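Remarks on the overall topology
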Amino acid sequence: MLDQGAPPQQRDRTVPASPGLGARLMRRKPVERLVAEGGQGEGGSLRRSLGLWQLTMISIGATLGTGIFVVLGEAVPKAGPAVTLSFVIAGLTALFSALSYAELAGTIPVAGSSYSYAYATMGELIAWICGWCLVLEYGVSVAAVAVGWGEYLNELLDGTIGVTIPAALSAPPGDGGVFNLPALIVVLLAMTFLLGGARESARANTVMVVVKIAALVMFCAIGVQGFRSGNYEDFMPLGMAGVSAAGATLFFSYIGFDAASTAGEEATNAQRDLPRAIMLSLVIVTALYVLVAAVAVGARPWQGFADSEAALAQIMRDVTGQAFWGTLLAFCAVIAIASVVLTVLYGQTRILFAMSRDGLVPKVFSRVHPKTGAPRANTLIVSLFCGVLAAAVPLGQLADATSIGTLFAFALVNVAVVILRRTRPDMPRTFRVPLSPLLPALGFAFCVWMMGSLSTVTWVVFGVWMAVGLVFYFLYGHRRSRLASSEVK
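In what follows, the accompanying structure is described. (Residues numbered from 1 in each chain as written. Predicted model: local features only at pLDDT ≥ 70, side-chain atom pairs only at ≥ 80, totals over all residues. Heavy atoms only, no water.)

What about the overall build of the protein chain?
Per the secondary structure count, the protein chain includes 21 helices and two strands. The C-alpha radius of gyration of the protein chain comes to 24 Å, within 12% of the 23 Å expected for a compact globule of 489 residues. Principal axes of the C-alpha set define a box for the protein chain whose edges measure 100 × 45 × 40 Å. Taking all 489 residues of the protein chain together, the buried fraction comes to 59%. Residue pairs at least 24 apart in sequence account for 84% of intrachain contacts in the protein chain once pairs closer than 6 positions are excluded. Charge centroids of the protein chain, computed over 33 positive and 27 negative side chains, lie 11 Å from each other. (Helix = DSSP H or I, 4+ residues; strand = E, 2+ residues; numbered from the N terminus. Rg over C-alpha atoms; globule rule 2.2 N^0.38 Å. Buried < 20%, exposed > 50% of the residue type's maximum accessible area, 1.4 Å probe, protein only. Contact = heavy atoms within 4.5 Å. Lys, Arg positive; Asp, Glu negative; His and termini not counted. Charge placed at Lys NZ, Arg CZ, Asp CG, Glu CD.)

Here it is as C-alpha cells:
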C-alpha cells in the first residue's frame, strides 16, 4: 500500500512494470534503427564499394557451381531424366522467395539479410531462429561445397600430372577417407581473399564467375554431341516423389541468390541495386542449370550418375574420347566451386556481423579492422570452423542439412514481406512483389512442401540444431540483447 502520509509526488510515483517474457521475445527492432546502424561495427565500419555488377557477380558466384558440378550426381539417381523438372521446381520455389528478398533488400538494405527482416517484423526470438538457420545454411554450405571441390581437384591432377591425392586425405570419414585436406585448403584460400576486404574479394569472384559460365557453355556445346534421345524414354522412373526429393536436394543449388542481400552495408546504392542483382542472378543461374542438366542426362543414362561427384568432367571425356576436355572442365570447375566457397563464406561472416552488433552473439564477430574495413576475427573464426567441418563430414548429409535451413529461412522471408506491407505500408520500396500476398503465400507453401520431402534424418539433425540454438539464445543472446538494453534505458 502507498503511504497516505507521503508527499503527493511520492504517492503518485509508480514503477513501470517490466515487460513479460512473451513481450521481450517479440520485441521488434525498428527499420529506421536497422538502417541507421548499417556498416557500424566494433572499432570501425564496413566500406561501401560494391555496385550492381559486383553484387550480381556475388549472387551468381554463391549460386552457380556446386549444384550443377557436384550435387547433380546425387539428384539424378533420385529423379532420373526428370531431374530437369526438379531444377525447374527448385528454381520456381527460389523465385517466389527471391521476389520477397528483393522487396525487403531494397527496403531494409542491411547485412543481416533475412535475420534482420525477421527482427523488424516478427520479433527477436523469430529473428534469432532465422539467424541460427542462416548459420546452418551458409556455414554448412561452405563445407559442402569445399568437399565437392576436392573431387574436381583430383580429376584435374589426374588429367595433368597423372597422380591424385590419396583417398585418406581427399575424403571425409564415412566416405572412405580420414581427413579431407583439399576441402580445408579451399576454405583457407577463400579466407585469405576475404581478409583483404570486400572490394578485393569481389574482383577475384568476378573473374571466377566468368570462367565458370564459360565452362558450362563449353560443356553444353560439346556434351550435346553425345545426346541420345533414348536416355529420356523413361522420363520419370521414380515418380513424382523422386522429382520432389531431387528438387529438395537441388534447392541447395539456389541458396546463393540471397548472398547479395548480405552485402547491403557494403553496396554503394543498396536500395536500387540489391533487388536488381537478386533477380538478374536467379534468372541467369536457373537457365544455365536446366540447360546443363538436360544435356548431361541426354549424354549419359541416368543410372550412370550414381556416386559420381565429378559427372560433367566424366561426360566430357566419354563424349570426346579424349582426356583433355574432361581435364579442362575439371580446371574450370575447380575455379567455379572456389568462387562459391568465397562468396558463401562472405555471406556467413556478414550474417554473424549483424547478429553480433545486436548483441545476440559475441561482439568479436562485429569487430572491424580499420585498414581493410573487413571483420577479420569473424572471418578467421568462421573459416576455421567451416574448414574443419568440410574435412570431417560427408557431402550428402551436408547438402540436405543446408537445404532445410535455407527453406526455413526463406519461408520466414515470405511471411516478413507480408507483415511489413501491413505494418509499414507507407515505407518507400524500390521493388514490390507483384500480386502480394498471393506470391509470398505460394513461396511459403513451396518451402514447406519441399521441407516435407527431406529425409527423417535431416529433420532430426535440424531439430537438434534448433534446440542447441534456443539454449544458446536463452543463456546468452536473450540476456545481452542490445535492443533490450536500450529499452531499459
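Some words on the environment of tyrosine 346
Of note, tyrosine 346 is situated in helix α16 (residues 323–357). Residue tyrosine 346 is classed as buried on the basis of its relative accessible area of 5%. In this structure, the C-alpha to C-alpha distance between tyrosine 346 and valine 83, residues 263 residues apart in sequence, is 30 Å. Setting aside chain neighbours within four positions, we find tyrosine 346 in contact with Leu50, Leu194, Ala198, Thr262, Ala263 and Glu266.

What about the packing of helix α4 (residues 52–63) against α16?
Between α4 and α16, the shortest axis-to-axis distance is 7 Å and the interhelical angle comes to 115 degrees. Note that α4 runs across α16; the crossing there is left-handed. Contact residues: α4 offers Ile58, Gly61 and Ala62, while α16 offers Ser339, Val340, Thr343 and Val344. Residues that form the contact of α4 with α16 fall into these classes: four nonpolar, three polar and no charged. (Axes fitted to C-alpha atoms, helices over the stretch in contact; angles between N-to-C directions. Left-handed = near helix turned anticlockwise from the far one by under 90°. Nonpolar A, V, L, I, M, F, W, Y, C, P; charged D, E, K, R; others polar.)

Section: the side chain of threonine 349
Along the chain, threonine 349 turns up in helix α16. In contact with threonine 349, not counting residues within four places along its chain, are Asn378, Thr379 and Val382.

Considering the pattern of salt bridges
If the charged atoms of two oppositely charged side chains come close together, the side chains can form a pair. Enumeration according to the criterion identifies 11 salt bridges in this entry. Aspartate 358 is the salt-bridge partner of lysine 29, the closest N and O atoms lying 2.3 Å from each other. In this pair, lysine 29 sits in the loop between α2 (21–25) and α3 (31–36) while aspartate 358 sits in the loop between α16 and α17 (376–392), placing the two residues 329 residues apart along the sequence. Of the residues examined, lysine 29 reaches a relative accessible area of 3% and is grouped as buried. Linking glutamate 266 and arginine 350 is a salt bridge whose minimum nitrogen-to-oxygen distance equals 3.0 Å. (Salt bridge = Lys/Arg side-chain N within 4 Å of Asp/Glu carboxyl O.)

With respect to the nonpolar core
By size, the foremost hydrophobic cluster in this structure holds 156 residues, and its most contacted members are Phe69, Leu72, Val83, Phe219 and Leu312. Broken down by element, this core gets its largest block of residues, 21 residues, from helix α9 (residues 124–160). (Core = buried A, V, L, I, M, F, W, Y, C linked by side-chain atoms within 4.5 Å.)

A look at unusual backbone geometry
Put simply, serine 436 and proline 437 share a cis peptide bond, and its omega is 10 degrees. Mapping proline 437 onto the fold places it in the loop between α18 (395–423) and α19 (438–452). Phi angles above zero are rare outside glycine, and serine 113 is one such case at about 55 degrees.

Brief notes about the packing of aromatic side chains
Aromatic rings considered in pairs are described by the distance between their centres and by the relative angle of their planes. Taken as a whole and assessed by the stated rule, the structure comprises 18 aromatic pairs. With 5.5 Å between their ring centres and 20 degrees between their planes, tryptophan 128 and tryptophan 132 make a pair best called stacked. Of this pair, tryptophan 128 and tryptophan 132 are both found in helix α9, four residues apart, which corresponds to roughly one turn of the helix. Taken together, Trp128, Trp132, Trp465, Phe472, Tyr473, Phe474 and Tyr476 form an aromatic cluster joined through their ring pairs. (Phe/Tyr/Trp six-rings, centres within 6.5 Å; stacked < 30°, edge-to-face > 60°.)

As for α16
Owing to its 3.6 residues per turn, the α-helix brings residues three or four apart onto one side. Over its 35 residues, α16 extends 51 Å from the first C-alpha to the last, a length consistent with the 51 Å expected when each residue adds 1.5 Å. Extensive coverage of α16 is indicated by the burial of 30 of its 35 residues. Immediately downstream of α16, the backbone of glycine 359 shows phi near 85 degrees, a positive value. (Expected span 1.5 Å × (residues − 1).)

Let's talk about the environment of leucine 384
Along the polypeptide, leucine 384 turns up in helix α17. Take leucine 384: its relative accessible area is 48%, and that puts it in the partly exposed class. Distance from leucine 384 to serine 403, taken between C-alpha atoms, is 22 Å for residues 19 residues apart in sequence.

With respect to helix α11 (residues 181–195)
Its 15 residues place the ends of α11 21 Å apart at the C-alpha level, agreeing with the 21 Å of an ideal helix rising 1.5 Å per residue. For α11, the complete set of buried residues consists of Pro182, Ala183, Leu184, Val186, Val187, Ala190, Met191, Leu194 and Leu195. On the buried face of α11, the contacting elements are α9, α10 (167–170), α12 (198–223), α16 and α17. Just downstream of α11 lies glycine 197, where phi reads positive at about 120 degrees.

Focus: the state of the cysteines
Counted by the stated rule, this structure contains zero disulfides. Here cysteine 133 is not cross-linked by a disulfide; its sulfur's nearest cysteine counterpart is in cysteine 130, at 6.5 Å. Of all cysteine sulfurs, the one in cysteine 133 lies closest to cysteine 386, which takes part in no disulfide; the gap is 16 Å. (Disulfide = S-S within 2.5 Å.)

What about the environment of threonine 343?
Along the chain, threonine 343 falls in helix α16. A residue is classified by how much of its surface remains accessible, and threonine 343, at 3% relative accessible area, is buried. Taking the C-alpha atoms as reference points, threonine 343 and leucine 99, separated by 244 residues in sequence, lie 21 Å from one another. Among all residues touching threonine 343, those that are not within four sequence positions of it are Ile58, Gly61, Ala62 and Asn205. A polar contact of 3.4 Å, which involves the side chain of threonine 343, links it to the backbone oxygen of glycine 61. A polar side-chain atom of threonine 343 sits 2.8 Å from the main-chain carbonyl oxygen of serine 339. (Polar contact = N/O pair within 3.5 Å; in protein donor to acceptor, adjacent residues only side chain to side chain.)

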